[in-house]
Amino acid sequence: METSHGICRIAVSLGENHSRSLLEQVEHWQSFLALVNMIMFCTGIPGHYPVNETTSSLTLTFWYTLQDDIMSFEAEKQTVYLQVYRPVYFQLVDVLLHKAQFPTDEEYASWTSDEKEQFRIYRVDISDTLMYVYEMLGAELLSNLYDKLGRLLTNAEQPTSWQHTEALLYGFQSIAETIDVNYSDVIPGLIGLIPRININNVQLADTVMFTIGALAEWLADHPVMLSSVLPLVLQALGNPDLSVSSVSTLKKICRECKYDLPPYATNIVAVSQEVLIKQIHKTSQCMWLMQALGFLLSALPVEDILRNLHSLITPYIQQLEKLADETPNPSNKLAIIHILGLLSNLFTTLDITKQEEESGDSAPPIKSTPPQTGPNPVVVVLQQVFALIQTVLSKWLNDSQVVEAVCAIFEKSVKTLLHDFAPMVSQLSEMLGQMYSTIPQSSRSLMDQFAEVLFCMNKHCFGLLTVWLKEALQSPGFPSSRVSNEQKDTFSQQVLRERVNKRRVKDIVKEFTLVCRGLHGTEYAAEY
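Keep in mind the model is a prediction, meaning the values are calculated, not measured.

Remarks on the overall build of the protein
Then comes step 1: Helix and strand counts for the protein come out as 25 helices and zero strands.
Then comes step 2: Principal-axis analysis of the C-alpha atoms places the extent of the protein at approximately 90 × 55 × 55 Å.
Then comes step 3: Out of the 528 residues belonging to the protein, those deemed buried represent 51%.
Then comes step 4: Summarising the internal contacts of the protein: among those between residues at least 6 apart in sequence, 75% fall at separations of at least 24.
Then comes step 5: On the protein, roughly 24400 Å² of surface is accessible, and the fraction owed to carbon and sulfur atoms is 52%.
Then comes step 6: Each charge class in the protein was averaged separately, 38 positive and 58 negative side chains, and the resulting centres sit 7 Å apart.

This is the structure:
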């Protein structure tokens with residue numbers, strides 16, 4: 001192995017450093033082609049990386065260099081070189097997809113976690129190479145992959161390994177993730193083939209999910225095909241081994257195709273609720289799932305949004321009510337942060353204002369629902385749970401993580417709702433004021449959270465915040481008897497001026513806090 005490794009290094013070094021000059025020596029083109037073929041052998045050296053061989057990864061940069069050099073020639077020369085090297089690059093695709101194949105289940109199970117991670121990174125490198133090669137080979141590469149996958153899935157006489165199917169799909173996924181494939185005439189056929197795949201393996205199922213996710217934008221332009229793939233995604237949602245791929249794919253579909261999803265909304269919400277209640281997914285995937293549902297609900301009529309919201313979040317509100325009555329402890333702290341996180345992630349993407357913008361008279365024709373009437377659903381929910389959140393906050397006021405989770409709900413809601421947040425400004429402002437008076441020993445991180453919400457309100461609800469600041473700071477002794485009316489006015493003016501620089505708002509809040517506590521200019525100021 002060491003000998004072949006050394007020979008490969010020499011060949012790759014020669015090719016990388018001298019490919020342009022070797023290409024220009026037209027009379028020796030066959031000699032250079034022989035070197036290229038030697039490097040191709042090193043790329044496809046037998047065995048699985050990194051267990052049986054570690055040579056093939058050394059060659060990948062050479063293929064970038066050779067392609068760059070070929071494409072840098074003037075058009076006439078480039079045409080000549082492409083006649084010779086396009087077939088070489090098609091062969092390279094076959095070799096790379098072969099090297100990307102997983103080993104047998106038994107062999108893969110025997111690999112260490114470090115070897116599996118190295119193989120994952122190696123496949124990412126192959127994916128990047130395929131994406132780059134597409135720039136040279138173009139649509140013909142997709143057709144080539146589609147033909148191979150079609151033959152593989154429709155040939156009843158010859159049994160196929162899941163590894164071969166997975167590798168071809170991985171090739172599609174690699175290209176579709178970064179290249180606009182909307183023009184491609186093979187994607188409808190690919191979508192049609194996916195339900196025919198016998199998904200009997202986690203790695204194959206993962207790649208099927210990621211491939212569907214990579215085609216989400218295409219599905220938005222061809223919504224009739226959603227019925228072919230959405231059942232697969234919803235089925236995968238219940239498998240914890242497919243957590244990342246299934247949830248991320250559903251999120252992409254809900255984001256890109258939301259105006260075509262109302263017929264599927266009831267089913268999507270029901271399946272999502274089930275997996276959330278069963279706690280199948282880790283925290284981060286639960287947050288993605290709530291973001292997906294936010295996108296989905298955004299395209300529904302207000303009454304449907306409210307109905308779905310009621311069934312979706314009522315169990316969490318009930319759980320939060322119980323937790324709020326308990327004595328604070330590490331266990332219920334995690335549960336509280338989780339529930340607040342679910343709400344804030346839902347509110348991040350539940351944006352009915354986009355519907356109104358996209359259905360405006362001056363806008364180009366675009367798929368949307370009719371303009372919404374009535375209260376914003378997010379505001380309705382916030383008003384319903386506001387008192388409960390205040391109760392939670394009062395018990396956990398000295399815990400920065402809980403305060404951060406509470407502030408995140410309002411910060412994200414303000415960003416999503418913009419002017420629609422107006423009905424909540426007075427309540428939130430009052431809560432912020434109470435926070436500011438009742439946490440004299442709070443840490444810098446809590447003051448930063450306070451400043452984050454203040455900044456968002458200033459940016460999106462400027463007029464209402466101006467009124468509230470004026471009213472609140474007029475109260476004698478608020479937020480501290482140590483500050484004069486002149487200092488309050490200065491603080492208000494400084495905050496209202498800063499609608500772009502968040503860091504500056506944090507500094508303003510910090511300075512004012514130190515004055516309120518009588519710490520400005522003291523040795524304790526450094527702690528903040």
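Digging into the environment of Asp-304
Then comes step 1: With respect to the secondary-structure elements, Asp-304 resides in helix α16 (residues 302-325).
Then comes step 2: In this structure Asp-304 comes out as partly exposed when scored by relative accessible area, which is 21%.
Then comes step 3: Along the chain, Asp-304 and Thr-266 lie 38 residues apart, while their C-alpha atoms are 9.8 Å from each other.
Then comes step 4: At a separation of 2.8 Å, a polar atom in the side chain of Asp-304 contacts the side chain of Arg-307.

Here we look at the side chain of Asn-201
Then comes step 1: Residue placement: Asn-201 occurs in the loop between α9 (187-193) and α10 (202-214).
Then comes step 2: Polar contacts involving the side chain of Asn-201 include one to the main-chain amide nitrogen of Gln-203, which spans 2.8 Å.
Then comes step 3: If near-sequence neighbours (up to four positions away) are discounted, Asn-201 is found in contact with Asp-105 and Trp-162.

Regarding the nonpolar core
The tendency in soluble globular proteins is for nonpolar side chains to be buried side by side.
Then comes step 1: In terms of nonpolar packing, the biggest core is built from 179 residues, with Trp-63, Leu-66, Tyr-85, Ile-212, Leu-250, Phe-410 and Phe-421 touching the most fellow members.
Then comes step 2: Top contributing element to this core by residue count: helix α4 (residues 75-99), with 11 residues.
Then comes step 3: Once you skip the residues sitting within four places of it in the chain, Trp-63 turns out to touch Val-36, Ile-39, Met-40, Thr-43, Val-88, Tyr-89 and Leu-92.

Side note on helix α23 (residues 462-474)
Then comes step 1: The end-to-end C-alpha separation of α23 is 18 Å, in line with the 18 Å expected for 13 residues at 1.5 Å each.
Then comes step 2: For α23, the set of buried residues is Leu-465, Trp-468, Leu-469, Ala-472 and Leu-473. The arc enclosing the buried residues of α23, seen along the axis, measures out at 115 degrees, which places them on a common side. Residues Lys-470, Glu-471 and Gln-474 are exposed on α23 and point more than 90 degrees away from its buried face.

Scoring rules and cut-offs
Residues numbered from 1 in each chain as written. Predicted model: local features only at pLDDT ≥ 70, side-chain atom pairs only at ≥ 80, totals over all residues. Heavy atoms only, no water. Helix = DSSP H or I, 4+ residues; strand = E, 2+ residues; numbered from the N terminus. Buried < 20%, exposed > 50% of the residue type's maximum accessible area, 1.4 Å probe, protein only. Contact = heavy atoms within 4.5 Å. Areas by Shrake-Rupley, 256 points an atom, 1.4 Å probe, with all protein chains shown as cover. Lys, Arg positive; Asp, Glu negative; His and termini not counted. Charge placed at Lys NZ, Arg CZ, Asp CG, Glu CD. Polar contact = N/O pair within 3.5 Å; in protein donor to acceptor, adjacent residues only side chain to side chain. Core = buried A, V, L, I, M, F, W, Y, C linked by side-chain atoms within 4.5 Å. Expected span 1.5 Å × (residues − 1). Arc of directions from axis to C-beta.

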